[in-house]
Amino acid sequence: MVLVAKICKRVFQMILQSNHLHYLAFEKLNLSSQPLVKARLFCTARSVSHSSNQFSRAARTEAQDVLFEYLHSTRSLNFTDAEHISRNSPHFILNLLSNIHNDKDVVRCLGKFLRYNPINEFEPFFESIGLPLSDVSSLLPQHLFFLTDDHVLLHNFHILCDYGIPRIKMGKIYKEAKEVFGYGSGLLASKLQAYENLGLSKTTVVKLVCCCPSLLVGCVDNEFARFIDKLKRLGIESDRIGAYMFSKESYNWNRVLDTMDFLHKIGYSEEQLHNLFETNPLLVIQGSGKRVYVLFGRMLKLGIEMSQVYTLFISNPQILSPKCEKNLLQALDFLLYIGLGKQDIANIICNHMELLCSCTMKGPKTVCKELDIKKESLCQTIRQDPIKFFTLACKSNVKTSKQIVSEDQSKKLEKVSFLLRLGYVENSDEMMKALKKFRGRGDQLQERYDCLVQAGLDCNAVSSLIKHAPMVLNQSKDVIEKKIDCLTRCLEYPLMSIVAFPAYLCYDMQRITLRFKMYVWLRDRGAAKPMLSLSTILACSDARFSKYFVDIHPEGPAVWTNLRNVSSSS
């Protein structure tokens, strides 16, 4: 194959030298579609392994000048295009130089070579816009050799240049959204303007397009538009998004939205989400929210129930800071390495989350070496007394470690005091179980308790309610207030109905809102009895709810679908 290629090359060179034919004459010979001709005319075995040390810097500079002169004067490319291509295609320059044998007279020899050996101009062009060499050959047009033959590509390329997109970044756009370079007149400019209409500055749109070229394909990306809308509702300027993005990363806006919805579901208020974006926006944006799901997934794998994980996130919003996230994952890896069981690790996470977030841990091998014990013995020590994990493995000095543990013990005593006020017996099995069920500091639990009392419930009724449904106090004060407001304002139910069905306060806000709205719609039309019990509306399965609250009215399915669509888009 190589021998045949060499013969073909020599034949074509002889034709060119004897008749001074232009490359376009090959089309008349019906050779332009042949694989061997497409491959390389001026070099049959191009290799990017040429070391720049083979040619002096002066030789390479002269070669750049020759290529510029060829592209600008001979091929009529504009000055800026020819300049950029010639100065930003070093591998192509090296391959050009490999075709001459006199690097002391580069200008004459290379000029002569280019007169009789037309080059595929797409090769240096693709290299100059940042495409990897491994992708260049696969992206070369099938039947085109000169850039000016593809005037549509050049037109859209210049639109992007004029808009402010760096030429060296356009390779990613060409690779991920090639159709952008085939748009008709005015289309590309209108797409760029559409993103400015979302409230983004031109500088931000430039960065956005460099990071996510696919946004220029089709209409304005709905997921991205929804994301910008959510930022606005959180009081965050749309242009801030530009500071959070990196061109080497890819972004899944649908997953970013899912992450924000997830944080909202576990109880993050708009104020907390605003603060999260102000202090650590990359947690949601970088990796398209992957870091949040990694933390969430690790806890679920340890056997911690979904509701408990929600509570841990609500009670400890600092989990989502970079430092706390790193500390927590290091601690988990430490405990898994020494062989501690999943249940024991889950108990440490549920009871000492604040400690796990605040302590930077040594490596398990380092701790074993310092104590001169094996990891099995260290595992047994921690299993018997989890607090020793922090005193032995925390990187901070002993005094600080003891202080941290002391503070943790103090918080545990606050929780015990709160439970005693509720009527639990000290050191009883019931008390031990309650300590595991209730999440949060003693003062947080008291605040949530007071919230129910201030809403109008009797203290004894609240204590009874909490004992029957401990998860009620594992939600933030804001969430409890929203659910009470929804009950009394939307349904106009008496507050005491919560005492009859305390589990109401444990259901997801989205489920409550959707089912209540559907029930109210039916009730207003006489299709449902007034004042149905909360358990009848909320505790049934989705299939049962559809059967008795949706399908019983001719318009019910359409109304239910509309309610769900509105809920998912809000």
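Residues numbered from 1 in each chain as written. Predicted model: local features only at pLDDT ≥ 70, side-chain atom pairs only at ≥ 80, totals over all residues. Heavy atoms only, no water.

### Concerning the state of the cysteines
To be explicit about the condition: Cysteine sulfur pairs qualify as disulfides if the two atoms are within 2.5 Å.
Considering all chains together, one arrives at zero disulfides under this definition. Free cysteine: C394, not disulfide-bonded; nearest cysteine sulfur from C359 at 3.4 Å.

### Remarks on the packing of aromatic side chains
Under the convention used in this document: Pairing of aromatic rings covers Phe, Tyr and the six-membered ring of Trp, with a centre-to-centre limit of 6.5 Å; geometry is then stacked below 30 degrees between planes, edge-to-face above 60, and tilted otherwise. Counting from the N terminus, the helices are DSSP H or I runs at least four residues long and the strands are E runs at least two residues long. For every residue, the accessible area (1.4 Å probe, protein chains only) is compared with the maximum for its type, and the residue is labelled buried under 20%, exposed over 50%, or partly exposed between those bounds. Both a distance and an angle decide whether a charge sits over a ring: NZ of Lys or CZ of Arg must be within 6 Å of the ring centre and within 35 degrees of the ring normal.
Under the defined criterion, the tally for this structure stands at 17 aromatic pairs. Aromatic pair F125 and F157: ring centres 5.1 Å apart, planes at 75°, arrangement edge-to-face. With F125 in helix 8 (residues 122-128) and F157 in helix 10 (residues 151-163), this residue pair connects regions lying 32 residues apart in the sequence. Measuring from centroid to centroid gives 4.9 Å for F545 and F549, while their planes differ by 15°, and the two rings are stacked. Remark: F549 and F545 occur in helix 35 (residues 542-550); sequence separation between them is four residues, near one turn of the helix. For the pair F545 and F549, one class covers both residues: buried. Among the aromatic residues, those joined into a ring-pair cluster are F122, F125, F126, F157, Y174 and F181. Just above the ring of Y337 sits the side chain of K375; from NZ or CZ to the centre is 4.6 Å.

### Re the nonpolar core
To be explicit about the condition: To qualify as a nonpolar core, a set must consist of buried Ala, Val, Leu, Ile, Met, Phe, Trp, Tyr and Cys residues joined through side-chain atoms within 4.5 Å. Contacts: residue pairs with any heavy atoms within 4.5 Å of one another.
Of all hydrophobic cores here, the largest spans 124 residues; its most connected members are F126, F224, F227, W253 and F389. Apart from the residues lying within four places of it in its own chain, the contact partners of F227 are I241, W253, V256, L257, M260, F277 and I285. Membership of the second largest hydrophobic core comes to 45 residues, among which are I498, Y519, I537 and F549.

### A short note on unusual backbone geometry
Here the phi dihedral of S76 falls at roughly 65°; this positive angle occurs in a residue that is not glycine. Even without being a glycine, D372 presents a positive backbone phi close to 55°. With respect to the helices and strands, the residue D372 is situated in the loop between helix 24 (364-371) and helix 25 (375-384).

### Describing the packing of helix 12 (residues 187-196) against helix 13 (residues 202-211)
When two helices pack together, their arrangement is given by the angle between the helix axes and the distance between those axes. Stated precisely, the cut-off is as follows: Orientation is described by lines fitted to C-alpha atoms, with helices fitted over the stretch in contact, and by angles between N-to-C directions that extend from 0 to 180 degrees. A crossing counts as left-handed when the near helix is turned anticlockwise from the far one by less than a right angle, and as right-handed when that turn is clockwise. Ten residues, namely Ala, Val, Leu, Ile, Met, Phe, Trp, Tyr, Cys and Pro, are considered nonpolar, four, namely Asp, Glu, Lys and Arg, are considered charged, and the remaining ones, Gly among them, are considered polar.
Here helix 12 crosses helix 13 at 115°, and the two axes come no closer than 9 Å. For the crossing formed where helix 12 meets helix 13, the hand is right-handed. For the pair helix 12 and helix 13, the contacting residues are L192, Y195 and E196 in the first and K202, V205, L208 and V209 in the second. For the contact of helix 12 with helix 13, the per-class residue count stands at five nonpolar, no polar and two charged.

### A word on helix 7 (residues 106-116)
Where helix 7 is concerned, the buried positions are V106, C109, L110, G111, F113 and L114. Buried residues along helix 7 sit in contact with helix 4 (57-74) and helix 6 (90-97).

### A word on the confidence of the model for the chain
Operational definition: Residue-level confidence of the predictor is what pLDDT reports, using numbers from 0 through 100.
Put simply, the chain has an average pLDDT of 78, and 79% of its residues get 70 or more. Element-level mean pLDDT values for the chain span from 36 in helix 3 (residues 35-39) up to 92 in helix 10. pLDDT under 50 marks residues 1-52. Its contacts with residues more than four places away, or in other chains, come to 71 contacts. In the predicted structure, residues 397-403 sits below a pLDDT of 50 and forms four contacts with residues beyond four places in sequence or in another chain.

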